[in-house]
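Now for the letters of each chain:
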Amino acid sequence: MADRLETLESSTSRLASLVQGLAPEQLNDQSYATKWRFTDVLSHLGSGAIIVRRGVDATVSVDAMEDGFNQEVWDEWNAKTPLAKASDALDADSALVDRLTALSDDQRAAFQFLMGPMTLDVDRFMTLRLSEHVLHTWDIDVMLDPDATLPADAVPFVLDVLPMIAGFAGESDGEERVVTINTTNPARAFELTITPDGLVLTPSSEQTSSSPDDVEVSSEELVRLIYGRLDPAHTSSSSESPQLDRLRKLFPGL
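Points about the overall build of the protein chain
Link 1 in the chain: The number of helices and strands found in the protein chain is 9 helices and 6 strands.
Link 2 in the chain: Its C-alpha atoms give the protein chain principal-axis dimensions of roughly 50 × 45 × 35 Å.
Link 3 in the chain: For the protein chain, with 254 residues in total, the buried portion stands at 47%.
Link 4 in the chain: Considering only residue pairs separated by 6 or more positions, the protein chain has 66% of its internal contacts joining residues 24 or more positions apart.
Link 5 in the chain: By element, 50% of the accessible surface of the protein chain is carried by carbon and sulfur atoms, the whole surface being about 12,300 Å².
Link 6 in the chain: Computing the positive centroid from 19 side-chain charges and the negative centroid from 43, the protein chain places the two 2 Å apart.

Examining the sheet that holds strand β5 (residues 198–203)
Link 1 in the chain: With mixed pairing, the 4 strands of this open sheet are ordered in space as β5-β4-β3-β6. With one partner strand each, in any of the chains shown, β5 and β6 (215–218) form the two edges of the open sheet. On average, adjacent strands in this sheet sit at an angle of 25° to one another, irrespective of strand direction.
Link 2 in the chain: Sitting on the sheet, helix α7 (residues 155–169) is in contact with β4 (188–195) and β5, with an inclination near 150° to β5.
Link 3 in the chain: Docked against the sheet, helix α8 (residues 219–226) engages β3 (177–184), β4, β5 and β6, running at close to 105° with respect to β6.

Quick notes on helix α3 (residues 69–78)
Link 1 in the chain: Where α3 is concerned, the buried positions are Phe69, Val73 and Trp77. Down the axis of α3, the buried side of the element spans an arc of 65°, and every buried residue falls inside it. For α3, the exposed residues set more than 90 degrees away from the buried face come down to Glu72 and Asn78.
Link 2 in the chain: Next to the buried residues of α3 lie α2 (38–61) and α4 (82–101).

As for unusual backbone geometry
Link 1 in the chain: Between Asn185 and Pro186 the backbone carries a cis peptide bond, its omega angle lying at 0°.
Link 2 in the chain: Mapped onto the secondary structure, Pro186 falls in the loop between β3 and β4.
Link 3 in the chain: Topologically, Asn185 is positioned in the loop between β3 and β4.

Let's talk about the packing of α2 against α4
Link 1 in the chain: Running from N to C, α2 and α4 cross one another at 30°; their axes reach a closest spacing of 8 Å. Taken together, the axis directions place α2 and α4 in an arrangement best described as roughly parallel. Where α2 crosses over α4, the handedness of that crossing is left-handed. Seen from α2, the contacting residues are Thr39, Leu42, Ser43, Gly46, Ala49, Ile50, Val52, Arg53, Val56, Asp57 and Val60; seen from α4, they are Pro82, Lys85, Ala86, Ala89, Ala92, Asp93, Ala95, Leu96, Arg99 and Leu100.
Link 2 in the chain: Classifying every residue of the contact of α2 with α4 gives 13 nonpolar, 3 polar and 5 charged.

Topic: the packing of α4 against helix α6 (residues 122–144)
Link 1 in the chain: Remark: α4 packs on α6, axes separated minimally by 13 Å, with the N-to-C direction vectors making an angle of 160°. Put simply, α4 runs roughly antiparallel to α6. Crossing hand, α4 versus α6: left-handed. From α4, Asp93, Leu96 and Leu100 reach across to α6, where they touch Phe125, Met126, Arg129 and His133.
Link 2 in the chain: Residues belonging to the contact of α4 with α6 are distributed by class as follows: 4 nonpolar, 1 polar and 2 charged.

Structural notes on the packing of aromatic side chains
Link 1 in the chain: Per the counting criterion, the structure on display carries 4 aromatic pairs.
Link 2 in the chain: Note on Tyr32 and Trp138: the rings are 4.8 Å apart at their centroids and 65° apart in plane angle, and the pair reads as edge-to-face. With a gap of 106 residues between them, Tyr32 in the loop between α1 (4–20) and α2 and Trp138 in helix α6 connect regions that are remote in the sequence. Trp138 shares its class with Tyr32; the two are buried.

Procedures and definitions
Residues numbered from 1 in each chain as written. Predicted model: local features only at pLDDT ≥ 70, side-chain atom pairs only at ≥ 80, totals over all residues. Heavy atoms only, no water. Helix = DSSP H or I, 4+ residues; strand = E, 2+ residues; numbered from the N terminus. Buried < 20%, exposed > 50% of the residue type's maximum accessible area, 1.4 Å probe, protein only. Contact = heavy atoms within 4.5 Å. Areas by Shrake-Rupley, 256 points an atom, 1.4 Å probe, with all protein chains shown as cover. Lys, Arg positive; Asp, Glu negative; His and termini not counted. Charge placed at Lys NZ, Arg CZ, Asp CG, Glu CD. Pairing = 2+ DSSP bridges. Axes fitted to C-alpha atoms, helices over the stretch in contact; angles between N-to-C directions. Arc of directions from axis to C-beta. Parallel < 35°, antiparallel > 145°, perpendicular 65-115°, else oblique. Left-handed = near helix turned anticlockwise from the far one by under 90°. Nonpolar A, V, L, I, M, F, W, Y, C, P; charged D, E, K, R; others polar. Phe/Tyr/Trp six-rings, centres within 6.5 Å; stacked < 30°, edge-to-face > 60°.

Have a look at this one:
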């Protein structure tokens, strides 16, 4: 199986192939994210790549990022034209992959990226960037091809960080319960615990026999569920269930 960096590089190539095939007027088409057009998605990924690359430099050199750096980048990207957002996003994407590729073995071993209260090693850091990238690429891809799915090589990596994502992406409905979620391709098992205070997604050691309250979906669909991208129109008929519909309401989207 490809490693995280190879998979991230593949995702950047996938996004580039989508964007480079668009007519200029299509850059303002609506993405799957209801408040974002294609250019907004590209601006988000491009500015994020700039910020993350600067963060990698700071991590490797043990030199803090400049105060206000993120806001300066956002202001710069907000002022770009749609064409500039598209081309510059692809350039920034590629530059980030190049920077990560250039990390030495020693730098990878010592890598500790600070993200809010979390300290990420290089694998977790790359997985989070990969997760964001493949989901937002899908936001464009699915509007061009209604049958689009997340890349199969990325799904296993994204599954590894889903428990963390679910913790801040989910919104409790106040009803306490535990839902067993079994997945295919790859086969995984999770327990989703819902309390009035929040949601906790926990990996299970093995899949359990199904019951009316269990959910069975592909791993790709579970990722999109947690990220708020599993509406009925983009769900396989074999996965549909009343419980799944209830879960959709807990994950409004990132």
